Amino acid sequence: MQSHQTLVTSLAIYAAIAAVLIFRYSRPMRITVSRMWLAPLIFLAMTAFAIWGEEQNPGTAMAPSVVALSLVAGALAGIPFGILRGMHTNVRATDKPGVMYLGPSWIVAAIWLGAFAIRAALRVAFSGTPYALPVGDGLLMLAVAMLVTSYYVIYKKYLGLEHTAGQA
């Protein structure tokens with residue numbers, strides 16, 4: 001019964017997060033440069049908490065080197081996707097310094113939520129084997145690395161717009 005309650009609670013949390021993310025990223029946003037970095041920090045914290053929580057379970061704990069390797073591999077795989085996403089995101093400067101408009105990009109929410117869904121599916125499909133968790137953790141890190149990298153590219157685009165506006 002305890003595992004069923006845990007599953008229901010986890011699904012409810014994921015559904016709430018999914019609703020917020022889909023709403024937030026499916027429309028254009030006016031955002032400050034400093035607030036822009038809040039979402040990646042939240043995603044990173046939630047991802048770290050999910051991975052840490054799984055490592056606290058004695059039946060699923062992995063060697064730290066395996067976890068580290070999967071996280072590094074996921075991060076390296078996510079960087080190119082983040083660069084592409086950042087290059088294709090519409091960014092407009094506003095009349096206020098430090099404030100920009102970002103075009104809608106629901107793909108961020110879809111990839112991050114998809115990584116959690118695939119991670120859960122791997123846990124079910126490969127329960128009892130040592131491969132599901134490292135692959136799932138790597139997928140989560142791919143999503144976070146993509147988000148952080150894309151926001152870095154968006155930030156650089158914004159700085160270019162601000163610099164161009166300052167010269168005009």
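Residues numbered from 1 in each chain as written. Predicted model: local features only at pLDDT ≥ 70, side-chain atom pairs only at ≥ 80, totals over all residues. Heavy atoms only, no water.

Draft legend 1. Inspection of the confidence of the model for the chain at higher detail. Predicted confidence across the chain gives a mean pLDDT of 80, with 89% of residues reaching 70 or more. Per-element averaging of pLDDT across the chain places helix α1 (residues 2-25) at the bottom with 70 and helix α4 (residues 64-87) at the top with 89. (pLDDT = per-residue confidence, 0-100. Helix = DSSP H or I, 4+ residues; strand = E, 2+ residues; numbered from the N terminus.)

Draft legend 2. Molecular detail of the side chain of S150. Locating S150 in the fold gives a position in helix α6 (residues 132-167). On the basis of relative accessible area, S150 is assigned to the buried category, the value being 0%. Residues contacting S150, with those up to four places away along its chain left out, are G82, R85 and G86. (Buried < 20%, exposed > 50% of the residue type's maximum accessible area, 1.4 Å probe, protein only. Contact = heavy atoms within 4.5 Å.)

Draft legend 3. Seen up close, α4. Under the 1.5 Å per step criterion, the end-to-end length of α4 is 35 Å for 24 residues, consistent within 8% with the ideal 34 Å. Along α4, the sharpest kink reaches roughly 30 degrees, centred on I79 and followed within four residues by the proline P80. Among all positions in α4, only V67, S70, G74, G78, G82, R85 and G86 are buried. (Expected span 1.5 Å × (residues − 1). Bend = angle between axes of the 7 residues up to and from the residue.)

Draft legend 4. Here's a closer look at a nonpolar patch on the surface. Taken together, the side chains of V72, L76, I79, F81, I83, L84 and M87 present a nonpolar region at the surface, about 650 Å² in accessible area. Structurally, M87 can be placed in helix α4. Under the relative-accessibility criterion, M87 is labelled partly exposed at 48%. (Patch = residues over 30% accessible without salt bridge, like charges linked within 9 Å, V, L, I, M, F, W, Y side chains within 5 Å. Areas by Shrake-Rupley, 256 points an atom, 1.4 Å probe, with all protein chains shown as cover. Salt bridge = Lys/Arg side-chain N within 4 Å of Asp/Glu carboxyl O.)

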